[in-house]
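Structure at a glance
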Amino acid sequence: THPNEAMNARFCPRIMSGVPEKDGFELLHGVPGTKPNGKYVGNVRFEVENTSYANFNDNLIVPSAQSAPIEGLLELEPYLEQATAHEGKKVPVLVPAIDANTGKRTGTFVLVLQVRALLNGASSSQTSDTLPPASLGLVSVVGLDTLMEDLALAPSLDYDPPSSTSQQLPSATAVEMRRRQVATMGTFLTPRYLQNQADGVRSNVTSALCDRYDKYYNSVISGISPDVAIEDDSHVELFERRSPRPFRPSNSRSDELLAGIGFNVHCQGLSIDVLQNGAVTPAAVHYSVTHGAPADHAAGFGFQGVEENPDLGAEASSGARGGLRRLEMKRVEYAKELEDSISGLIRSVGEHFKMRAQVASARQQAGVKMSRHIPPGVPAIAHYRSKAIECAQRLNNLTWNIAARRANCFSQALGIAVTSYLASLSDGSHASKGYASIWQRHGYLVTFEGLLSAVGKELGMIEDASIAVQMLRKVNIVLVSDDVNVSSNNGNGESQRVLVAHSPFVNWVHLACVTNGSHSKTQYRLEIGLNPTYYQNRVPEPLKSGAAVRLFPVLFQMGVDIRQWGVNAGRNVSSQIKDKSKGGGLSTSESFGDAQNIPGINEGVGGLINDGDDDDGDEVGMADNEIGFQLNVDGFRKLNAYAHSVNPTVAGSAAASSAPPIFDSSEQIQMQNLPPHPLLVPLSESIKASAGKMEHSVLDHAAASCQKLGGGSTIFCKSGKDRTGMQVTFKEAQFIQRFIDRKDAVSSEEIFAKATTLRIYGNRVPICEKNAGEAMYAFNPLQAQFMPAMLKPPPITTQWKKPET
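Below you will find a few notes about this structure.

Criteria and cut-off values
Residues numbered from 1 in each chain as written. Predicted model: local features only at pLDDT ≥ 70, side-chain atom pairs only at ≥ 80, totals over all residues. Heavy atoms only, no water. Core = buried A, V, L, I, M, F, W, Y, C linked by side-chain atoms within 4.5 Å. Buried < 20%, exposed > 50% of the residue type's maximum accessible area, 1.4 Å probe, protein only. Helix = DSSP H or I, 4+ residues; strand = E, 2+ residues; numbered from the N terminus. Contact = heavy atoms within 4.5 Å. Salt bridge = Lys/Arg side-chain N within 4 Å of Asp/Glu carboxyl O. Axes fitted to C-alpha atoms, helices over the stretch in contact; angles between N-to-C directions. Parallel < 35°, antiparallel > 145°, perpendicular 65-115°, else oblique. Left-handed = near helix turned anticlockwise from the far one by under 90°. Nonpolar A, V, L, I, M, F, W, Y, C, P; charged D, E, K, R; others polar. Pairing = 2+ DSSP bridges.

Considering the nonpolar core
- Ranked by internal contacts, the top residues of the largest apolar core, which has 128 residues, are Phe188, Leu338, Leu479 and Phe556.
- Per-element tally for this core: the top contributor is helix 6 (residues 379-426), with 21 residues.
- Ignoring sequence-local partners within four residues, the contact set of Leu338 consists of Met148, Leu151, Leu153, Ala388, Cys391, Ala392 and Leu395.
- Of all hydrophobic cores here, the second largest spans twelve residues; its members include Ile70, Leu76, Tyr79 and Val93.

Here it is as C-alpha cells:
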C-alpha cells in the first residue's frame with residue numbers, strides 16, 4: 001500500500017455490501033438490462049462511522065459522542081466506459097460525503113480509481129477463449145442440472161448464466177422477476193468455499209481423472225505401438241493385478257485408479273450344435289454378460305463431501321450418504337431448502353422496504369434523508385441470507401460429488417452395455433430374425449439383472465447401478481467401417497479415436513457429447529470402428545450407413561441371499577447370528593428353518609456372511625425393503641412401453657409404423673397408461689407378488705421377456721462371480737432344456753440337474769479363481785440355506801469350513 005493511502009482494495013464490479021470477517025469484501029451483483037444501453041455495473045457505497053473524541057486528562061483520548069454515519073455513493077458505469085478506451089488508467093475521483101440522517105454534504109471522499117474490464121483475471125481483449133462454457137464441464141457432461149439455474153444465484157458455477165439479451169426490460173415473467181431480485185442480493189458461494197473447491201475438492205477429482213486418462217491411454221497404446229511401454233505385470237496373478245487392463249478382478253473394487261473400468265466382465269456364451277449323420281450343425285446360441293455391480297466402490301457409500309470440504313462442517317453430512325439414487329434424492333431436498341431460503345430472503349427484503357416506506361414521509365418532513373441501502377443488521381434478512389449461503393454451498397458441493405460418482409458408474413455401465421450389444425451383433429440369429437431393424441427404430445433393449453441385497457454397502461451399489469443404467473438411455477451407437485472416415489461430428493477427427501488392441505474385429509471407438517443440449521439434455525454418440533471385412537459380412541443392412549442405435553436399458557433387481565431375507569423380515573441377521581453364537585436363540589425359528597442346526601453356527605461368525613472378499617463387512621447398515629419393488633415397477637413400465645412399440649397389440653398397427661418406446665417423462669409429457677403387454681403378463685404378476693418377498697421369478701420372467709423381444713441381458717451381483725455364477729448357469733440350463741423340449745414350460749428337475757453340471761464343470765469356477773485366487777464359490781452353508789432352490793450351489797464347489805474354536 002502507498003504511504004498516503006488510507007485503504008487499498010481490489011474488487012470485481014459489484015455493489016459493495018460489507019466487509020465480513022472471514023471472506024473479505026462481499027460484493028453484490030448488478031442487474032443486467034436495467035440501463036438503456038443494456039449495461040449495469042453497479043455502485044460502490046462508502047460508509048464511515050462518525051464519532052467525536054475528547055481529550056481526557058491530557059493523556060487519554062476517548063470517544064465522547066457518536067453521530068449518524070457518513071456515506072458516499074460512486075457510480076462505476078462512467079469509469080467502465082472510460083476503461084474500454086484507456087484500459088488500466090488511474091483516475092482521481094471526488095465523492096461527496098453525505099450525513100446519512102440529514103442528507104447534507106459534510107465533506108469529500110478522495111479516491112484514485114483504476115477500472116479494467118476483466119473476466120476471470122484476463123482483460124476484455126483476451127476473454128474470448130478464457131472461460132469454456134459450463135456445458136463442457138463435468139456436471140453437464142454427466143447429464144446433471146445444477147438445480148440452481150432458475151434461481152440465478154451468483155456466481156453461476158457449473159452452469160452458464162442467461163445472456164444479457166434474455167434479460168432486457170421489460171419482462172413480466174415470474175422467473176425473470178425472481179432472477180432480478182436474487183441478482184441484487186449478493187453472491188451465495190463465499191470466496192473461502194470457492195477457494196476450497198478450486199484448490200481441494202475439484203482439483204483432486206480432476207487430477208485423478210487426468211492421471212487415469214493418461215494411464216488408460218498408455219495401457220491401450222502399449223498393445224499397439226512398441227514405442228509406449230508400461231509396467232510389466234505378467235508375472236503377477238490375475239486377481240492381484242492393479243494396472244488398467246481389459247480384465248479387472250473383482251477384489252480391485254476399492255482401487256481408485258480402476259474406478260472407470262467395469263470389473264469381472266465376461267461375455268458368457270453357450271452354443272448348441274446338432275450332430276446328425278456325422279455332420280455338426282450349429283443350432284442355437286445363448287449369450288449373457290456377467291459382471292460386478294457398476295458402482296463407485298472406491299468412493300464408498302458413507303457420507304459424501306465431509307473431509308473434502310471443512311468449510312461446510314457438519315452441514316455437509318446431514319443425510320447425504322449412500323449411492324447415487326439416494327444422493328440425488330437428497331440433492332432435490334437441498335434444492336428445495338435453498339429455494340425456500342431465497343423466498344424468505346426476498347420476502348424479508350420486501351417487508352423491510354415496506355416498513356421503510358411507511359416512515360419515509362415523516363422522516364422526509366423532519367429533514368432526515370432516507371438511506372438507499374439495506375443495513376446489514378436486519379435480523380430476518382441476515383438469517384435468510386446466511387441460510388441461503390449454507391444451502392447453496394451444500395447443494396453445490398453435493399452436485400459435484402454426484403457428478404464425479406456418475407462419471408465412474410456410467411463409464412462402467414457403458415462398457416458393459418456395449419459388450420452386450422456387440423455380442424448380440426455377433427450372434428447371427430438376431431440378424432436372421434429381423435431384430436436389427438427393430439434396434440435401429442426402437443432401440444437396443446438391454447436388461448440388467450441385479451442380485452444385490454438392499455442393505456449396507458450393497459444398497460449403495462443398487463443405488464449407483466440404477467442411475468448408471470438410466471444414463472445409458474442417452475447413448476446412441478453407430479457402427480463404422482474403418483475404411484470410411486465419418487467419425488467425429490464435432491470436427492475433432494481421427495485424433496479423438498481410441499484404438500482397441502488385441503481385437504480382430506473392433507479397431508477403435510470414439511465417444512462424444514452431442515451438441516444439441518447440455519446438462520440433463522446431454523446425449524452421447526459412440527462410434528465403433530469395425531474391421532471392413534467384418535463390417536460388410538456381419539453387420540446387418542439396417543445398422544449400416546451411419547445408422548444410430550439408441551440404447552434402451554432396463555433394470556430388475558432381486559436380492560437372493562440371507563441379507564435380503566433379513567431386509568424383508570425387518571431384522572438384522574448379523575446381530576441375530578452373533579446372539580446365537582453367544583448362547584441366545586434366533587428369533588424366528590420357523591423362518592430360519594434348519595439354519596439353527598447348521599454346523600458351526602455356534603462356534604463363531606467370522607466370515608459367515610461374505611462373498612470371500614476383503615470388504616465384506618456390509619451386512620450391517622441401512623436397509624431399504626422397498627427399493628427393489630420400486631425399481632422393478634419402473635423397469636416393467638419401461639419394458640412394457642418397449643414391448644408395445646415393438647409388437648403392437650392394437651389392430652392394424654405394425655412395429656415399422658409404431659412410435660419409438662417411451663422411456664421416461666422427459667421423452668413424452670403425457671405418459672401413456674399402457675396395459676401389460678401379453679408377453680409381459682407373467683412378469684407383471686411376479687412383480688405384484690414380490691413386495692416384501694424374495695421372488696426370484698421376477699428375474700426369470702424379465703430375462704425370458706428380454707430374449708423374446710430380441711434384447712441382450714447382463715447379470716451382476718457385488719463381485720460378479722458367485723451369485724452371478726448361479727444365475728447365469730440357471731439361465732443356460734433353462735435355454736438347453738427349452739431347446740430339447742421345444743417349449744417354454746420345462747421340468748424344474750431337469751433344469752436343476754443341468755445347472756449343477758454347468759456349475760461344477762463349466763467356466764464359472766475358473767472365473768472365481770481368476771478373481772479371488774481360489775477355484776471355489778464363496779458361499780457358506782448359512783448363505784446357501786436361504787438362497788432360492790434354483791440358485792443353491794453344489795456343496796462340492798463351496799469353500800466354507802467349520803470355524804476353529
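Examining the environment of Gln630
- Note that Gln630 resides in helix 14 (residues 627-646).
- Assessed through its relative accessible area of 35%, Gln630 is described here as partly exposed.
- Along the sequence, Gln630 and Ala691 sit 61 residues apart, while their C-alpha atoms lie 9.2 Å from each other.

What about the pattern of salt bridges?
- Within the structure shown, the criterion is met by 23 salt bridges.
- Arg563 is the salt-bridge partner of Asp561, the closest N and O atoms lying 2.9 Å from each other. Arg563 carries the same exposure label as Asp561, and that label is buried.
- Linking Lys721 and Asp722 is a salt bridge whose minimum nitrogen-to-oxygen distance equals 2.7 Å. You'll find Lys721 and Asp722 in the same group, each marked buried.
- Several salt bridges converge on common partners, so that one network encompasses Glu458, Asp561, Arg563 and Arg723.

Some remarks on the packing of helix 17 (residues 723-741) against helix 18 (residues 748-761)
- Here helix 17 crosses helix 18 at 130°, and the two axes come no closer than 8 Å. Comparing the axis directions of helix 17 and helix 18 gives the class oblique. The element helix 17 and its partner helix 18 pack so that their crossing is right-handed. Across the interface between the two elements, Met726, Thr729, Phe730, Glu732, Ala733, Gln734, Ile736, Gln737 and Ile740 of helix 17 pack against Glu750, Ile751, Phe752, Lys754, Ala755, Leu758 and Arg759 of helix 18.
- Of the residues belonging to the contact of helix 17 with helix 18, the class tally is nine nonpolar, three polar and four charged.

Remarks on the sheet that holds strand 9 (residues 266-276)
- The strand order across the open sheet built from nine strands is 9-10-17-11-16-12-15-14-13, with neighbouring strands paired in mixed fashion. Two strands close off the open sheet at either side, each with one partner strand: strand 9 and strand 13 (498-499).
- Pairing of strand 9 with strand 10 (residues 279-292), which is carried by eleven bridges, proceeds in the antiparallel orientation. Note that in strand 10 the partner of Gln276 across the bridge is Ala279.
- Along the sheet face, helix 16 (residues 697-708) touches strand 10, strand 11 (444-450), strand 16 (548-557) and strand 17 (712-717) and points at about 165° away from the line of strand 11.

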